Amino acid sequence: MLANAALKQASRVQLANKMAPIQSRAFHDLTLRKKTGKPLIGYGRGGRSSTNGQVATVFGCTGFLGRYVVSKLAKQGTQVIVANRDPDESRHLKVTGDLGQVIPLEFSLKNKDQLLECVRHSDIVYNLIGRDYETKNYTFEDVHVNGPRLMAEACAEAGVARFVQVSALNASEDSPSKFLRTKALGEKAVREVIPDATIVRPSIMWGHEDRFLNRIGDADGWQYWVNESKTKILPVAVLDVAQALSVLLNAESSMGKTYELYGAKQYTFEDVFNLAREISMKPLPTYNVPTPVAKLAATFLDKLPYNQMISPDLIQRMTMDDKPTPGALTFADLYMEPTLLENVAIQYLRRFRSNAVFDLPFEKGDGQIQKGVYHIID
Ligand SMILES: NC(=O)c1ccc[n+]([C@@H]2O[C@H](COP(=O)([O-])OP(=O)(O)OC[C@H]3O[C@@H](n4cnc5c(N)ncnc54)[C@H](OP(=O)(O)O)[C@@H]3O)[C@@H](O)[C@H]2O)c1
């Protein structure tokens, strides 16, 4: 009796199985990596709680640019390996992605086994590591040349399909700045190991945690500057650079190319000071120091422990105009338009405003930016 019932049930299941429509995987769920042929299987509707099938390692994730890059990658369902030197420094990145999607791993830039472990299962590796000054443990060569070369070797060994090296605008082997010379040598070292690596050269970046607008806005008391603040710069939004880096995730056409990412408008440091003065309603006085004197002072200050403010090389760079390479690929080649600093500066400089803003008249009219009423429209 029982056996009969079981048989009937089994044939009913068989029939149901036969009649069930055969569903096939959608082609848009499956992408093949051009270089490795490895399938990338996406799942879900797209976004934070889905997966795009990609694993990305971000070196330098604990820095200014790093947090935005990790956030943008994780937001599209990428599993991100946040390579760090101190787990506490990368803890804030955990919440940028869904549970288990942001994975911290410790590494040292001089330890190839650790580097290999960080990139072993990745489809793409971003190297954002850079430093404005040398330390007793790491010279510019260590950070910008030897480290990236070792990292590229680890990637080649692990069969990582893509490598993105973040360098700097103006990087050149014959630059008077050691930072920029080593950045150029770093690009070369990476390309020797991985010829189709993508190089990204951002200009000076602004954002909430920058070392640019924050320094200018904070200059309420005494602020030294060199070159009479006449150095010409092309500042770029950190969010734009992070967005461009996240676009590269899927843009295999960017392999082997170099992108120079700079802002839409040229300013001098004095122009930016004037913008900050207008927004903050503070005098923000600057004092011009002759470059050799500033370099000498910076040489001594550079030796102080925990000084992360100034180095002779930084002074040198403060005197150098931004010069994009003619014909170089830029935002337009990624179908992006860079943000204009004036349009968003209030967001970053608001916290430096004087209480004089409360005496300003309320804004009337069409919502256009008017002098003296910034506080209403922000
Ligand atoms: N900020 C700009 O305006 C600007 C302009 C042009 C180019 N860039 C380049 O863009 C990249 C990102 O800039 P950023 O402003 O985000 O830099 P950042 O805030 O100074 O962050 C640098 C990152 O590099 C890591 N790092 C530095 N030295 C290291 C070492 N010896 N070993 C391991 N990790 C090390 C830091 O890790 P820890 O947190 O552990 O120290 C941090 O994650 C850099 O390559 C920089 O040179 C920046």
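Rules of the game
Residues numbered from 1 in each chain as written. Predicted model: local features only at pLDDT ≥ 70, side-chain atom pairs only at ≥ 80, totals over all residues. Heavy atoms only, no water. Helix = DSSP H or I, 4+ residues; strand = E, 2+ residues; numbered from the N terminus. Polar contact = N/O pair within 3.5 Å; in protein donor to acceptor, adjacent residues only side chain to side chain. Contact = heavy atoms within 4.5 Å. Phe/Tyr/Trp six-rings, centres within 6.5 Å; stacked < 30°, edge-to-face > 60°. Buried < 20%, exposed > 50% of the residue type's maximum accessible area, 1.4 Å probe, protein only. Core = buried A, V, L, I, M, F, W, Y, C linked by side-chain atoms within 4.5 Å.

- Where an unreviewed UniProt entry is consulted, the protein appears under the name NADH dehydrogenase 1 alpha subcomplex subunit 9 NDUFA9, with the organism given as Phycomyces blakesleeanus.

**Regarding the side chain of Ser-167**
Then comes step 1: On the secondary structure map, Ser-167 appears in the loop between strand 7 (162-166) and helix 6 (178-193).
Then comes step 2: One polar contact links Ser-167 to Glu-187, side chain to side chain, over a distance of 2.6 Å.
Then comes step 3: Ignoring sequence-local partners within four residues, the contact set of Ser-167 consists of Lys-183, Glu-187, Ile-199, Val-200, Arg-201 and Pro-202.

**Looking at the packing of aromatic side chains**
The way to describe two aromatic rings as a pair is by their centre distance and the angle between their planes.
Then comes step 1: Considering all chains together, one arrives at six aromatic pairs under this definition.
Then comes step 2: Note on Phe-64 and Tyr-68: the rings are 6.3 Å apart at their centroids and 85 degrees apart in plane angle, and the pair reads as edge-to-face. Placement of the pair is Phe-64 and Tyr-68 together in helix 2 (residues 64-75), with a separation of four residues, close to one helical turn. Both residues of the pair, Phe-64 and Tyr-68, count as buried.

**Thoughts on unusual backbone geometry**
Then comes step 1: Phi is positive for Met-281, close to 55 degrees, though the residue is something other than glycine.
Then comes step 2: Within the element layout of this structure, Met-281 appears in the loop between helix 9 (269-280) and strand 15 (287-288).
Then comes step 3: Positive phi outside glycine occurs at Tyr-335, with the angle close to 60 degrees.
Then comes step 4: Locating Tyr-335 in the fold gives a position in the loop between helix 11 (312-318) and helix 12 (341-349).

**Re the nonpolar core**
Then comes step 1: Formed by 34 residues in total, the largest nonpolar core has its most connected members in Val-58, Leu-65, Val-69, Leu-73, Tyr-126, Leu-128 and Leu-245.
Then comes step 2: Sorting the residues of this core by element identifies strand 3 (55-59), helix 2, strand 4 (79-84), strand 6 (124-127), strand 7, helix 8 (238-248) and strand 13 (258-261) as the ones contributing at least two each.
Then comes step 3: The dominant element in this core, judged by the number of residues it contributes, is helix 2, at seven residues.
Then comes step 4: Formed by 32 residues, the second largest nonpolar core is a distinct cluster that contains Phe-212, Ile-216, Ala-345 and Ile-346.

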